[in-house]
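# Close look at the chain arrangement
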Amino acid sequence: MAWSVLTGERMTLRPPVEADVASLARILAEDEVSRWWVGYDDSRVRDEIVASGSALVMEIDGRAAGAIFLYPNEDAEYRHTVIHLFLGADWYRQRYGAEALTIAIEHLASLGHHRFTLDPNVNNGPAIRSYERLGFKRVGVLRQYQLRPEGHWEDGLLMDLVLSDFPDGLDWRRD
Ligand SMILES: CC(C)(COP(=O)(O)OP(=O)(O)OC[C@H]1O[C@@H](n2cnc3c(N)ncnc32)[C@H](O)[C@@H]1OP(=O)(O)O)[C@@H](O)C(=O)NCCC(=O)NCCS
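Notes on the structure follow. Everything quoted here is computed from the prediction, not taken from an experiment.

### A short note on the packing of aromatic side chains
Under the definition given, this model contains five aromatic pairs. Here the aromatic cluster, defined as three or more aromatic residues joined through ring pairs, consists of Trp37, Tyr40, Phe69 and Phe86. The ring of Tyr96 is capped by Arg10, whose NZ or CZ atom sits 4.0 Å from the centre of that ring. The aromatic ring of Tyr40 is capped on one face by Arg44, whose charged end is 3.8 Å from the ring centroid.

Okay, here's the thing in structure tokens:
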């Protein structure tokens, strides 16, 4: 499913292109990103992001600032969308993560979706804070969920957001 271009207040979400490979690989090599998105090189960026059909680049001021991945489950009985994302350090602490989630969720809502999930590592404080502030709730701990480069497993945190909690819509600016 190729996603269309989605425009927000400060950023645009657009399908990735070959020209994004270098900048996304550079971001994925940053300490804060590679800590959670482990072992990405140009070929993985090409295969798993540019060619995936699930990814959208976060474009801010004409620069590729990160990517968000949308995996909708269209089974009518269990309809929901799994989301993953990463942002470059140049754009931290300005709620760009929450804005990207808002743009994607509003688009999926227009396609009939109502439930969204994220699964950060339990030690990923900034991500958990960013998601909770937008309105994601902690569902439970996913034990021994992420294999770390050192060889041990770490827990994940399943978080979900349901649109019925937000009759007036999402607000990534709210505290
Ligand atoms: C998850 C992510 C998109 C959130 O980024 P963001 O949009 O900058 O988040 P916010 O601006 O909403 O900041 C959230 C909180 O974390 C803090 N924070 C953000 N980036 C931080 C960092 N690199 N180090 C420490 N704290 C940080 C902020 O200060 C804020 O806390 P506060 O409001 O109490 O001050 C971003 O941290 C990221 O991409 N990280 C690397 C990859 C990753 O973890 N992806 C998610 C995997 S589930």
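### Digging into the environment of Leu163
Relative to the helices and strands, Leu163 is located in the segment after strand S8 (153-162). The spacing of Leu163 and Arg115 is 48 residues in sequence and 6.6 Å in space, taken between C-alpha atoms. Setting aside its immediate chain neighbours within four residues, Leu163 contacts Ile105, Ala109, His113, His114 and Phe116.

### Remarks on the site of the ligand
Around the ligand lies a shell of 21 residues, among which Arg93, Gly97, Asn124, Arg129 and Arg133 are the nearest. One nitrogen or oxygen atom from the main chain of Gln94 is found 3.2 Å from an oxygen atom belonging to the ligand. Measuring from an oxygen atom of the ligand, one finds a backbone N or O atom of Gly97 at 2.8 Å. Computed on the free molecule, the ligand has an accessible area of 910 Å², of which 81% lies beneath the protein chains in the complex. Per-element tally for the shell around the ligand: the top contributor is helix H5 (residues 125-134), with six residues.

### Details of the sheet that holds S8
Reading across the sheet, the eight strands line up as S1-S2-S3-S4-S5-S6-S8-S7 and stay open at both edges, with mixed pairing between neighbours. Unpaired on one side and paired on the other, strand S1 (6-7) and strand S7 (137-147) mark the two borders of the sheet. Relative to S8, strand S6 (residues 115-118) runs antiparallel, the two being bridged by four bridges. Within the sheet, the bridge partner assigned to Arg115 lies in S8 and is Val162. Across the sheet, helix H1 (residues 21-28) is in contact with strand S3 (55-60), strand S4 (63-73) and strand S5 (80-87); its angle to S4 comes to roughly 85 degrees.

### Some words on the packing of helix H4 (residues 96-110) against H5
It is at 9 Å that the axes of H4 and H5 come closest, and there the two elements cross at 50 degrees. Classified by the interaxial angle, the pair formed by H4 and H5 is oblique. Note that H4 runs across H5; the crossing there is right-handed. Listed contacts from H5 to Gly97, Ala98, Leu101 and Thr102 of H4 are Ser130, Tyr131 and Leu134. Broken down by class, the residue content of the contact of H4 with H5 amounts to four nonpolar, three polar and no charged.

### Digging into the pairing of S7
Two strands pair when backbone bridges link them, and S7 and S8 are joined in this way by seven bridges, in the antiparallel orientation. Residue pairing in the sheet places Leu142 in a bridge with Gly156 of S8. Where S7 hands over to S8, the hairpin turn is made up of five residues, of which Gly151 adopts a positive phi near 105 degrees.

Thresholds, definitions, all that
Residues numbered from 1 in each chain as written. Predicted model: local features only at pLDDT ≥ 70, side-chain atom pairs only at ≥ 80, totals over all residues. Heavy atoms only, no water. Phe/Tyr/Trp six-rings, centres within 6.5 Å; stacked < 30°, edge-to-face > 60°. Lys NZ or Arg CZ within 6 Å of the ring centre and 35° of its normal. Helix = DSSP H or I, 4+ residues; strand = E, 2+ residues; numbered from the N terminus. Contact = heavy atoms within 4.5 Å. Near = heavy atom within 4 Å. Polar contact = N/O pair within 3.5 Å; in protein donor to acceptor, adjacent residues only side chain to side chain. Areas by Shrake-Rupley, 256 points an atom, 1.4 Å probe, with all protein chains shown as cover. Pairing = 2+ DSSP bridges. Axes fitted to C-alpha atoms, helices over the stretch in contact; angles between N-to-C directions. Parallel < 35°, antiparallel > 145°, perpendicular 65-115°, else oblique. Left-handed = near helix turned anticlockwise from the far one by under 90°. Nonpolar A, V, L, I, M, F, W, Y, C, P; charged D, E, K, R; others polar.

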